[in-house]
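Below, each chain spelled out in residue letters.
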Amino acid sequence: MMIMNTRHSPREIDQRAAEWAARCHDVLMPQDQCAFEVWLKADPRHVGAYAKAEAVLAQLDRAGAAGADALRLPPPFPRQESLKRRTMLVGSAAAGLAVAAGGATWLTGLLQQESYSTRIGEIKEVVLADGSMVTLNTDSRIDVHYTKYRRKIHLIQGEALFDVAKNQKRPFIVTAGDTQVRAVGTSFTVRLLPQQPVQVLVREGVVEIKRPQVPQASPVRLAANTVAIAPPDAPISTEPVARLQVSRDLAWREGRLAFDNVSLADAARQFARYSAIGISISPDLENQTVTGLFVSNDPVGFARAVAISLNLQLEVNSGGVRLSREQVRR
Amino acid sequence: MGIDFQEKARWLARNVLPYESILRSRLRRMFLHGMEVDDIIQEMYARIVSQPALEAIRYPRQYAFQTATAIVIDHVRRSRVVSITAVGSLDQLEVAALDASPEQQLEFREDIAEVAQLLALLPERTREVLIMRRVEGLSQQETANKLSISEKTVEKHMAQGVAALMALFGRGGKSSSHPSKPKRADDDHEYKTLPSGD
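Numbers given to residues run from 1 along each chain, matching the order in which its sequence is written. Here the convention is simple: chains get letters from A, ligands get numbers from 1, in the order in which they are written. A pLDDT threshold of at least 70 governs which residues receive local features in this predicted model, and a stricter bar of 80 or more applies before side-chain atom pairs are shown or counted, although totals over entire chains, interfaces and linings include all residues. Note that water and hydrogens are dropped before the side-chain values are worked out from all heavy atoms of the structure.

Visitor: Explain helix H8 (residues 299-310) of chain A to me, please; I cannot follow it from the model alone.
Guide: Residue and element names in this part refer to chain A. For helices the rule is a DSSP run of H or I covering at least 4 residues; for strands it is a run of E covering at least 2, with both sets numbered from the N terminus onward. Working rule for helices: expected span equals 1.5 Å times residues minus one. Here H8 is 12 residues long and its end C-alpha atoms lie 16 Å apart, about the 16 Å a rise of 1.5 Å per residue gives. For the exposure calls, accessible area comes from a 1.4 Å probe over protein chains only, and a residue counts as buried if that area is under 20% of its type's maximum, exposed if over 50%, partly exposed in between. Restricting attention to buried positions, one finds in H8 the residues Pro299, Phe302, Ala303, Ala305, Val306, Ala307 and Leu310. Residue asparagine 311 follows H8 closely and has a positive phi angle near 60 degrees.

The following block contains the structure:
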C-alpha cells in the first residue's frame, strides 16, 4: 500500500531495515524482538525493505561459497578506471600490506580524505566511508574530507547528487564556490558550472545554504522539491519544483537527458556538457521546443532524432553537427 | 508476522535482487505520476515475501515483474487522476518480463563477480566486517577483536554495508555491469522525439 501521510522516505526505511538485518543475525533480546515486530507491522514497505536486506545478506552468503578471498580480490571487470585504482589500493591493504598507501589515507574506518572525478560523458557512483553515496555527473570533481565532527565535501566543478546517510552529530557540508550546503541526512544535488550560478536541488529532507564570506546574507533553508540559485552578487533565490521535474532533472544518473518543452538552443547547451561533439542550431530554430528522453552522451543521435521528427536538415562538420531548416529542392 | 525471512531471502537473492535494477530502470522510464519507484520496489518485495510457497513459482523473474505491474495498476485505479502515460506504458514492463529467457538467467559465477564488484565499492573496513561476519562466520565479538574495534562499531559497519549494498543492487546492479547485453541495444527504440509547440 502506498501510504501518503507523514512517512519515512524509502531510503530511511532501507536504512532501518539494514540495521535490523545486521542485528538479527544474532539472536535478538526479547524486547528488541518486540520492537522489531512492531516496526515490521507499521508499514508494508518495512516488510519489503527488510526482505531485501535479508536477500542482500543471502546473496553475500551465496557468493561466499566461492571463499572469502574471491570476494576480497579486485573484481575481474571493474567499472571505471579510477575506481579500479582505488579498489587495488584497498584490496592490497586488505591482504595485509601497508595500510597507508599513496593518497588513500585511512585513519580509521570513518575518517577519509579522497578525490573523485569523472571525464566528459562519464557518470560514477561512489560510496563514502559513512555509507553516504555520491553520484558524479559528467566532467565533475569532488574532494572528500571527513573528520570526526564534520563530513566535508568540496565540489570543485560539475554536478553531483548526494544521498547522505543520517548522522545528527556529524553534519554533511558541501562547498561549491562561495556557497555552502549543509545537511544531516537527505538527498540533494549541487551544480557548479562555468559562467553559471551555483544551483542546489533538494530531492528529500531539508538542507541549509549559506555564504560564509557574505555575513549579511542570511542562511536559507531549502525543503524537498525546491531548487535554489546562488548568483555571485545577488541574494539566494528559491523556487518549488514539481516532483516529476525533479526526477527529470535527475535523469542524468541513468545516462539520460529528459526534456519537457525545452528549446533546441537549451537542449544543445545541455548536451555540450556530456560530449566534445557540439550541436549548433540555426538562429531561426533556437526557440523550437522538444520533448523526450535521450542518451546524454550521444548528441548525434539526439540531433538525428530531432531532424527526422521536425523535418530538419542535419549537417555533420568537423566540430559537430548542425541543425537547420531543410533546403528547398529545385 | 509469520514470515520466515531468512528462508525466503535466498530465493529473493537468486531470483529478484539481480534483476531489480532492470525493473527500476523500466519503471523510471514510465515517469509515473505520484508514485516513487522506491515505493514500488519495496512493496514488490513485501508482496513476494508474503507469498506462502515461493518455490512453487515457476517463472520467478516474470513473477517479480508482474507483481510490480499489479502494484502500478492498483495505484492507477486507486488514484483519481488516471495517468494515460502510466497505463500506456505498462506493456513495457510486460516486455521486460517476456525477455527473461533461460539464456539470460545469470550464471552463479556472474553473481559472485557482481557481489565482489559491489563489495569493492564499499569502504574497506565495512567490506571486511561483512566478509568476516557473513562469509567467514565470525561472531560479532570475534570480528571486533580481530579488527581491534568495538562490537558496537562492528554492528554499525554491518548496517552500513547492508544499506549500501541494498542501494547498489538497486541502482548499478546487472544492467550497468554488462553493457554489451542485448537489453541495452533495444533501448534505442525507445528514445523518441515528440515535436511540441511549433
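Visitor: Can you walk me through unusual backbone geometry in this structure?
Guide: Residue and element names in this part refer to chain A. One non-glycine residue, glutamine 195, adopts positive backbone phi at about 60 degrees. Secondary-structure assignment places glutamine 195 in the loop between strand S8 (187-192) and strand S9 (198-204). The exposed category is assigned to glutamine 195, whose relative accessible area is 82%. Phi angles above zero are rare outside glycine, and asparagine 225 is one such case at about 60 degrees.

Visitor: Even after reading the chapter, I still don't get the pattern of salt bridges, so can you show me in this structure?
Guide: For side chains of opposite charge, pairing can occur when their charged atoms come near one another. For this analysis, a salt bridge means a side-chain nitrogen from Lys or Arg found within 4 Å of a carboxyl oxygen belonging to Asp or Glu. Taken as a whole and judged by the stated rule, the model has 21 salt bridges over all chains. For glutamate 204 of chain A, the salt bridge goes to arginine 11 of chain A, with nearest N and O atoms at 3.3 Å. With glutamate 204 of chain A in strand S9 and arginine 11 of chain A in helix H1 (residues 10-24), the pair connects residues that are 193 residues apart, well separated along the chain. A residue is classified by how much of its surface remains accessible, and arginine 11 of chain A, at 25% relative accessible area, is partly exposed. For aspartate 178 of chain A, the salt bridge identified is with arginine 211 of chain A, shortest N-O distance 3.2 Å. Here arginine 211 of chain A lies in the loop between strand S10 (207-210) and strand S11 (220-222) and aspartate 178 of chain A lies in the loop between strand S6 (172-176) and strand S7 (179-183), a separation of 33 residues in the sequence. Among the charged side chains, a network of salt bridges with common partners joins Lys52 of chain A together with Glu20, Arg24 and Asp38 of chain B.

Visitor: I keep staring at the packing of helix H2 (residues 20-29) of chain B against helix H10 (residues 151-171) of chain B and nothing clicks. Help me out?
Guide: What describes two packed helices is the angle between their axes and the distance between those same axes. Residue and element names in this part refer to chain B. Angles shown run from 0 to 180 degrees and are taken between the N-to-C directions of axes, each axis being a line fitted to C-alpha atoms and, for helices, limited to the stretch in contact. For the pair H2 and H10, the least separation of the axes is 6 Å and the interaxial angle reads 60 degrees. Here H10 runs oblique to H2, going by the angle between their axes. Across from Glu20, Ser21 and Arg24 in H2, the residues of H10 making contact are Phe169, Gly170 and Arg171. Each angle is binned into one of four classes, with values under 35 degrees roughly parallel, values over 145 roughly antiparallel, values of 65 to 115 roughly perpendicular, and all other values oblique. Residue contacts follow a heavy-atom distance rule, with two residues in contact if any of their heavy atoms lie within 4.5 Å.

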